[in-house]
Amino acid sequence: MRVAFHTLGCKVNQYETEALAEKFQERGYEVAFEGGHADVHVINTCTVTGVADRKSRQCIRRARKADPGSIVAVTGCYVQVNCGEAGKIDGVDIAVGNKNKMDIPERLEEFLASRQPVQDSEPLLAACGYQETGSIQAMGGRTRAYVKIQDGCNRFCSYCIVPYARGGVRSRPAEDVVLEARRLIDSGFKEIVLTGINTALYGTEGGGSGSLEGVISRIDGMHGDFRIRLGSLEPTVIDADYVKKLFKYNKLCHHAHLSLQSGSDETLSRMNRGYDMDGFMRIVGALLDFDPDYGISTDMIAGFPGESEGDFRKSIEALEKVDFCKVHVFRYSDRKGTAAARMDGHLSGSEINDRSRALASSGEQSARRFFERNIGREKRALIEEHIENKGFYSGYTENYIKVRVKGPIAGSIHSGDALNKFAHVKLTGLFTGGMEAVAERGQNEANR
């Protein structure tokens, strides 16, 4: 039987889809990641916003429409918090939450035997202890590999449904993380992305898992030409002193995703974020003091309940103050059961839309300043793709700039020779969302 996978949402979901796909392959199923016709469609959903809910439902319906006779299994965060609703969508045969996600092959066989719908009877928040998915072998053909190191969050930001969808903090044993990273590096991956629901919380619940820095140290000390990237560092957990401890690791990319969410201290307090702008700017200052080209990406929420015009202006000012390499803007979305959903002062949809557009525009200007500052810089890029009809290669620098590299790349006879290799490049100009670059002759490391 052919199984197609559809993944929405975060890097953790992408990792878990890969683990689930490999479990199906071990049982003899044919696996496809990009959709197409299949006997079974597995949709790994997201529920971080109302838009994510809608996309999850749309994906489920598209799978049913594409293959009317197929079996549709849905899982992930949307199912975790809305299992009854998800199970009632026309055509859904199997609906299981995050805790039972890795049991979908068994649930499929249960369905095939009975032809009766299989559904979690109630929301099942993950129990204490990290639920091992098994060590993955690949990442769907990508040049970078995600390694999930923890699950869950206990910070309970007032707008966020994730702690209810993922449960409390559970950290993966450090030895398992290191072994998986070693296996992926030996398989040829050049970038290891350590990811989790709240990566900086790794090991904070105790139980002998270790610390995030300890895991980074062990991977950094491994032999091989590769780099390490962190999925995120939440300022709800870390501070300037924390990031300074990471500067000694040579293979750690000079890029940090720090979710600011708002530039207003009053709004941050209502969000229950646990830091203020001064604290956030101290982290930014530490990163830029270490490397003025350090890439810093962030998230911003537009239209949080009670957000005044002055609060919103402070968010714009924050984007004017920091040259972020990427700004993700989210429209505030009520999540049932969260503290924010019960707050007074909800803004109208049109107000939220207006503020979202303004934040997105300011974010683009912030990124443009960051890119302009990097013109003329020499960086090391991981080549991930060859766009043959345009005559350039595509990849990312260590400080998270997407680059379009004009060939030829030294040491590469055929276009495919440069893929999944590092190359020294010089950044020469801008395009929407990234930078133009040329390969530096005589310094190229494509064949290392």
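Draft legend 1. Layout of the side chain of R335. On the secondary structure map, R335 appears in the loop between β13 (326-331) and α13 (349-373). A relative accessible area of 9% means that R335 is categorised as buried. At 3.0 Å, the side chain of R335 and the backbone oxygen of T47 are in polar contact. Polar contacts involving the side chain of R335 include one to the side chain of D53, which spans 2.9 Å. In contact with R335, other than residues within four places in its own chain, are T47, V48, T49, G50, D53, Y159, I161 and A341.

Draft legend 2. Local environment of the nonpolar core. In terms of nonpolar packing, the biggest core is built from 62 residues, with Y159, L194, I219, L233, L258 and L287 touching the most fellow members. For L233, the contacting residues outside a window of four places in its chain are A200, L212, I238, Y242, V243, L246, H257 and L258. With 19 residues, the next largest nonpolar core counts A19, V31, V40 and V96 among its residues.

Draft legend 3. View of unusual backbone geometry. Located in the positive-phi region is Y400, a residue other than glycine, with phi close to 65°. Tracing the sequence through the fold places Y400 in the loop between β15 (392-397) and β16 (402-406). Judged by relative accessible area, which is 24%, Y400 ranks as partly exposed. Not every positive phi belongs to a glycine, and N420 is a case in point at roughly 60°. Assignment of secondary structure puts N420 in the loop between β16 and β17 (421-431). Since its relative accessible area comes to 21%, N420 is described here as partly exposed.

Draft legend 4. Molecular detail of the sheet that holds strand β11 (residues 255-257). A sheet is described by the order of its strands in space; here 3 strands give the open sequence β11-β12-β13, paired in parallel fashion. Two strands lie at the open edges of the sheet, namely β11 and β13, each paired on one side alone. Neighbour-to-neighbour, the strand axes of the sheet open up by a mean angle of 15°, direction not taken into account. Two elements, strand β12 (residues 295-302) and β13, share 6 bridges in a ladder whose sense is parallel. Note that in β13 the partner of M300 across the bridge is V329. Most of the contacts of α13 go to β13, to which it runs at about 175°, and overall it touches β12 and β13.

Definitions and limits used
Residues numbered from 1 in each chain as written. Predicted model: local features only at pLDDT ≥ 70, side-chain atom pairs only at ≥ 80, totals over all residues. Heavy atoms only, no water. Helix = DSSP H or I, 4+ residues; strand = E, 2+ residues; numbered from the N terminus. Buried < 20%, exposed > 50% of the residue type's maximum accessible area, 1.4 Å probe, protein only. Polar contact = N/O pair within 3.5 Å; in protein donor to acceptor, adjacent residues only side chain to side chain. Contact = heavy atoms within 4.5 Å. Core = buried A, V, L, I, M, F, W, Y, C linked by side-chain atoms within 4.5 Å. Pairing = 2+ DSSP bridges. Axes fitted to C-alpha atoms, helices over the stretch in contact; angles between N-to-C directions.

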